[in-house]
Amino acid sequence: MEKQQKSGHLVLVMAPFQGHLTPMLQLATILHSKGFSITIVHPELNSLNPSNHPEFTFVPIPDKIKESQLSDEDLADKLKESLVSTVDVAGSVQSLNKNCAAPLKKCLENILHSHHHIAAVIYDTLMFCAQTIVNDLGLPGITLRTSSATTLLLFPVLPQLELMSGIESPELQALQLQRLRALIVQNPTQAMMEVRAAFTNAMKFSSAIIVNSMEFLELEALSKVRQYFRTPIFIVGPLHKLAPAICGSLLTEDDKCISWLNKQAPKSVIYVSLGSIANIDKQELIETAWGLSNSKQPFLWVVRPGMVCGSEWIESLSNGFEENVGERGCIVKWAPQKEVLAHGAVGGFWSHCGWNSTIESICEGVPMLCRPFFGDQLLNTSYICNVWKIGLELQNLERGNIERTIKRLMVDMEGKDIRKRAMDLKKKAALCLMEDGSTSSFNGLIKQITVSET
Ligand code: UDX
């Protein structure tokens, strides 16, 4: 099939992690619907099945993750299963950029030969090596940030921002950026510092920054981001609502949980999922299990294979647990999360607060129980609990506290306002979609692409 379309040719460079490749695929779908032909260049790690997306040309590039010194055998295996842990992420991002730079350059040169023209290269912020390459080739580079726009303030910019006035706006005060900075930014590993410096630098050279967010969610932070970065910023989210048919899951979605949800009372179920990267220990698994069981709420719980350190799956839960819970609980290895969150039976989301999970929950009006692990998850938790006030943080992972906090969020009078605010935020998100906030942002982006190529 000839995939050349009238608006021009775009090359998208994907980062091979679940929370990154899905929004990139959604963006590709939207840009394709606007008339662009799309080539997706991606590391071999965590490759998607191209036959599920015949409208795009997929080009794998070697990432040498197996041979890389940063990736010992064990890490390579974990990466292949998409189970990288906190500390591994920055190291693997460095490896990817180091190993993919030369093949990516070659690949872009080949595309230039065959297509004669590339309107722009859109790369995930984590694939920052792309910016140097496009600079060399004289092509416009645009970066896609799959986390909130506020991360752009927190990671690289805050020290400089302190020198600027106005950091004490209400939203930023409630966000407690200084406290977060102490938690997230201080004492970083060498790899983390280098990754942050590299992507910030790349962004400064890019012709535009695309963010999967909505303006109203982070209004004040955004004005600071725009003050700092001279590069045009396009807030184009929520991408999952603009390309709803896209499924980029690397693991197989277990649909049996939907028939289980169909049997549950409205807003009664607590959905538990910690995303694609975080790991927990056996003790946390056991406390979670008994907290869920004792709460008496029905629960749908995603436990990825290998997510529990030292276990294959949930074998450390005793038989007593399953007997106690019976039909009230459903445990799966991977769920169709967007469908789950949109289901009328779901009344709460216990989440690690990755950015995709956060905006997916907001769009369905589901209040959240926050159990952040690292990086932007702490920032998102602060937005959820302190700014939007649509959730509670689980600070103590002991079963009694878990039981009480689930009840506070989902049934007690105490959580009534939280549940109402979550519904109000859903309405705002729907309005933002109806008012075509993202359409005008996409129009601006397309104009920018057209300007950059001329
Ligand atoms: C990672 C980082 O952890 C996060 O902080 C950053 O914001 C993005 O990259 P991840 O752990 O993958 O994110 O979480 P998240 O951003 O929430 O993305 C997970 C995606 O997997 C979501 O789109 C979610 O819908 C999907 N998912 C998750 C499923 O489809 N099924 C599941 O069972 C669990």
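Residues numbered from 1 in each chain as written. Predicted model: local features only at pLDDT ≥ 70, side-chain atom pairs only at ≥ 80, totals over all residues.

Put simply, the test is: UniProt positions are given in the numbering used here, feature names are shortened, and annotations may be inferred rather than shown by experiment.
The chain is annotated in an unreviewed UniProt entry as UDP-glucose iridoid glucosyltransferase-like isoform X1 of Gossypium hirsutum. Reading the Sequence similarities (unreviewed entry) entry of the UniProt record for the chain gives the comment "Belongs to the UDP-glycosyltransferase family."

## A word on the overall build of the chain
Formally: A helix here means a DSSP run of H or I that spans at least four residues, while a strand means a run of E at least two residues long, and both kinds are numbered starting from the N terminus. Buried residues are those with 20 or more other C-beta atoms within 10 Å of their own C-beta, exposed residues have 12 or fewer, and partly exposed residues lie in between; C-beta atoms are placed from the backbone. A pair of residues counts as a contact when their C-beta atoms, built from backbone coordinates, are within 7 Å of each other.
Scanning the chain for helices and strands turns up 19 helices and 13 strands. Relative to its 454 residues, the chain shows a buried fraction of 46%. Partitioning the intrachain contacts of the chain with sequence separation of at least 6 by distance along the chain shows that 75% fall at a separation of at least 24.

## Let's talk about the pairing of strand β11 (residues 346–351)
Where we set the bar: In this description, strands pair whenever DSSP reports at least two bridges between them. Place the viewer so that the strands point away; then a crossover is right-handed whenever the path from the first strand over the helix to the second strand goes clockwise.
With 6 of its 6 residues buried, β11 lies for the most part within the structure. Here strand β8 (residues 269–273) runs beside β11; their pairing, made up of 5 bridges, is parallel. Along β11, the bridge assignment pairs valine 269 with valine 346. With 3 bridges connecting them, β11 and strand β12 (residues 368–370) associate as parallel partners. In the sheet register, phenylalanine 349 faces β12, and the bridge partner there is methionine 368. Chirality of the crossover, the property in question, places the unit of β11, helix α15 (residues 355–364) and β12 among those that are right-handed.

## Things to note about the pairing of strand β2 (residues 36–43)
Extensive coverage of β2 is indicated by the burial of 8 of its 8 residues. Side chains Phe36, Ile38, Ile40 and His42 project from β2 onto one buried face, and the interleaved Ser37, Thr39, Val41 and Pro43 project onto a second face that is buried too. The sheet contact formed by strand β1 (residues 8–13) and β2 spans 6 bridges and is parallel. Residue pairing across strands places valine 13 opposite valine 41, the latter belonging to β2. Once you follow β1 into helix α1 (residues 18–33) and on to β2, the crossover reads as right-handed. Sheet topology places β2 next to strand β3 (residues 57–61); 5 bridges connect them, and they run parallel. Bridging across to β3, histidine 42 finds its partner in proline 60.

## Quick word on the site of the ligand
Applicable threshold: Only the C-beta atom, placed from the backbone, is used; a residue is near a molecule or strand if that atom lies within 6 Å of it. Under the grouping applied here, Gly and all other residues not named as nonpolar or charged are polar, the nonpolar ones being Ala, Val, Leu, Ile, Met, Phe, Trp, Tyr, Cys and Pro and the charged ones Asp, Glu, Lys and Arg.
Residues in contact with the ligand amount to 25 residues; listed here are only the nearest, Gly19, Gly275, Gln337, Gly354 and Ser357. Where the shell around the ligand is concerned, the elements lending two or more residues are α1, α14 (337–342), α15 and α16 (376–387). Tallied by class, residues from the shell around the ligand come to 6 nonpolar, 16 polar and 3 charged.

## With respect to the sheet that holds strand β10 (residues 329–332)
Quick note on the threshold: Helix axes are fitted only over the stretch in contact, all axes being lines through C-alpha atoms; the angle between N-to-C directions runs from 0 to 180 degrees.
If you walk across this open sheet you meet the 6 strands as β10-β9-β8-β11-β12-β13, and the pairing is parallel. The sheet terminates laterally at β10 and β13 (391–393), the two strands that pair on one side only. Between one strand and the next, the sheet's axes are offset by a mean angle of 15°, whatever the strand orientation.

## A look at the sheet that holds strand β5 (residues 141–145)
Ordered in space as β3-β2-β1-β4-β5-β6-β7, the 7 strands form an open sheet in which the pairing is parallel. A single partner strand is all that each edge strand has here, and the edge strands are β3 and β7 (233–235). Across the sheet, the axes of successive neighbouring strands diverge by a mean angle of 25°, strand direction being ignored. As paired elements, strand β6 (residues 208–211) and β7 share 3 bridges and run parallel to each other. Following the sheet pairing, isoleucine 210 is matched in β7 by phenylalanine 234.

## A closer look at the packing of α15 against helix α18 (residues 416–434)
Heads up, the rule is: Every angle not falling under 35 degrees, over 145, or within 65 to 115 is termed oblique; those three ranges are roughly parallel, roughly antiparallel and roughly perpendicular.
Viewed as axis vectors pointing N to C, α15 and α18 meet at an angle of 95°, and their least axial separation amounts to 6 Å. Regarding the angle of α15 to α18, the classification is roughly perpendicular. Across the interface between the two elements, Ile362, Cys363 and Glu364 from α15 touch Leu425, Lys426 and Ala429 from α18. Grouping the amino acids of the contact of α15 with α18 by side-chain chemistry returns 4 nonpolar, no polar and 2 charged.

## What about helix α4 (residues 129–137)?
Of all the residues in α4, the buried ones are Cys129, Ala130, Gln131, Ile133 and Val134. Backbone geometry just after α4 places glycine 138 at a positive phi near 70°.

## Some thoughts on α18
To keep it simple, the criterion reads: Expected span, for any helix, means 1.5 Å times one less than how many residues it has. The directions from the helix axis to the C-beta atoms are what the arc is built from.
For α18, built from 19 residues, the straight-helix expectation of 27 Å at 1.5 Å per residue is met to within 8% by its first-to-last C-alpha distance of 27 Å. Inspection of α18 places Ile418, Ala422, Leu425, Ala429 and Cys432 among the buried residues, and these make up the whole buried set. Down the axis of α18, the buried side of the element spans an arc of 80°, and every buried residue falls inside it. Exposed positions of α18 whose direction lies more than 90 degrees from the buried face are Lys416, Asp417, Lys427, Leu431 and Met434. Looking at the residues trailing α18, positive phi occurs at aspartate 436, about 60°.

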